[in-house]
Amino acid sequence: MNLFGHDPQFYFGYAVYDAHGSCGPRIQKNLQLVYIYEGDAIIDVNGDEHRLGAGEATLLVPGRQEHFLFSKKGRTRHGWCEVRDAQLEKTVRT
């Protein structure tokens, strides 16, 4: 099974949020691995909270609503790797 399609496009990003930072809500468009370097985050995905600390990661799949809330104590540094147009089977997306 090839999850990445015929011509995968991988993109990497990095962001720093000050204390009480947030991102979203948004609808995830790509398959995305999010990882925390420093600080922490609560990621609400379709109403389910996922907590991540430094050194932890999570996989986000397309079509879900997400809202990120970053550390209240200090800055959070996080990065991501995403693949656009991933060919995911229905069981992976749900």
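Use the structure listed above.
All values reported here derive from a predicted model rather than from experimental measurement. Each chain carries its own residue numbering, running from 1 in the direction its sequence is written. Totals for whole chains, interfaces and linings use all residues, but because this is a predicted model, local features are given only for residues with pLDDT of at least 70 and pairs of side-chain atoms are given and counted only at 80 or more. Only hydrogens and water are set aside when side-chain values are computed; all heavy atoms of the structure are taken into account.

Undergrad: Just checking my understanding: could you explain the overall build of the protein for this structure?
TA: Counting secondary structure elements, the protein contains 1 helix and 8 strands. In DSSP terms, a helix is any run of H or I states spanning at least four residues, a strand is any run of E spanning at least two, and both are numbered starting from the N terminus. Ordering the α and β elements of the protein from the N terminus gives β-β-β-β-β-β-β-β-α. Counting the 94 residues in the protein, one finds 32% classified as buried. Here the contacts in the protein between residues at least 6 apart in sequence split such that 76% fall between residues at least 24 apart. Only the protein chains shown count as cover for residues, and the accessible areas themselves come from Shrake-Rupley with a 1.4 Å probe. Carbon and sulfur atoms make up 50% of the accessible area of the protein, which totals about 6100 Å². Exposure categories follow from relative accessible area, calculated using a 1.4 Å probe and restricted to protein chains: below 20% of the type maximum is buried, above 50% is exposed, and the middle band is partly exposed. Contacts are assigned to residue pairs that have any heavy atoms within 4.5 Å of one another.

Undergrad: Help me out: how do you make sense of the nonpolar core in this one?
TA: Taken as a class, soluble globular proteins show a tendency for nonpolar side chains to be buried jointly. Residues Val34, Ile36, Ala41, Ile43, Val45, Leu52, Leu60, Phe68 and Phe70 constitute the largest nonpolar core, which totals 9 residues. Elements with a minimum of two residues in this core: β3 (31-38), β4 (40-45) and β7 (65-70). Ranked by the residues each element gives to this core, the list is headed by β4, at 3 residues. Residues within four places of Ala41 in sequence aside, it is in contact with Ile36, His50, Arg51, Leu52, Leu69 and Phe70. Take the buried Ala, Val, Leu, Ile, Met, Phe, Trp, Tyr and Cys residues and link them wherever side-chain atoms come within 4.5 Å; each set so joined is a nonpolar core.

Undergrad: Would you mind going over the side chain of Gln28 with me for this structure?
TA: Topologically, Gln28 is positioned in the loop between β2 (22-27) and β3. One polar contact links the side chain of Gln28 to the main-chain amide nitrogen of Asn30, over a distance of 3.2 Å. If we skip the residues at most four places from it in the chain, Gln28 touches Leu60, Val61, Pro62, Gly63, Arg64 and Glu66. For the purposes of these results, a polar contact is taken to be a pair of N or O atoms within 3.5 Å, where, inside protein, one atom must be able to donate a hydrogen and its partner to accept one; residues adjacent in sequence count only when each atom of the pair is a side-chain atom.

Undergrad: What is the right way to read the pattern of salt bridges from this model?
TA: It is possible for side chains bearing opposite charge to pair when their charged atoms get close. For salt bridges, the criterion is a side-chain nitrogen of Lys or Arg within 4 Å of an Asp or Glu carboxyl oxygen. Tallied over the full model, the rule gives 5 salt bridges. Of the charged contacts, one joins Glu49 and Arg51 as a salt bridge, the two residues approaching to 3.6 Å between their closest N and O atoms. The same class applies to Glu49 and to Arg51, which are both exposed. Each member of the salt-bridge network shares a partner with another, and the members are Glu38, Arg75 and Arg77.

Undergrad: Got a minute to help me understand the side chain of Ser71 in this structure?
TA: Mapped onto the secondary structure, Ser71 falls in the loop between β7 and β8 (76-84). Judged by relative accessible area, Ser71 falls into the buried class, the value being 3%. At 3.4 Å, the side chain of Ser71 and the backbone nitrogen of Gly74 are in polar contact. The residues contacting Ser71, other than those within four sequence positions of it, are Asp18, Ala19, His20, Asp40 and Thr76.

The analysis is restricted to geometry; functional conclusions fall outside its scope.
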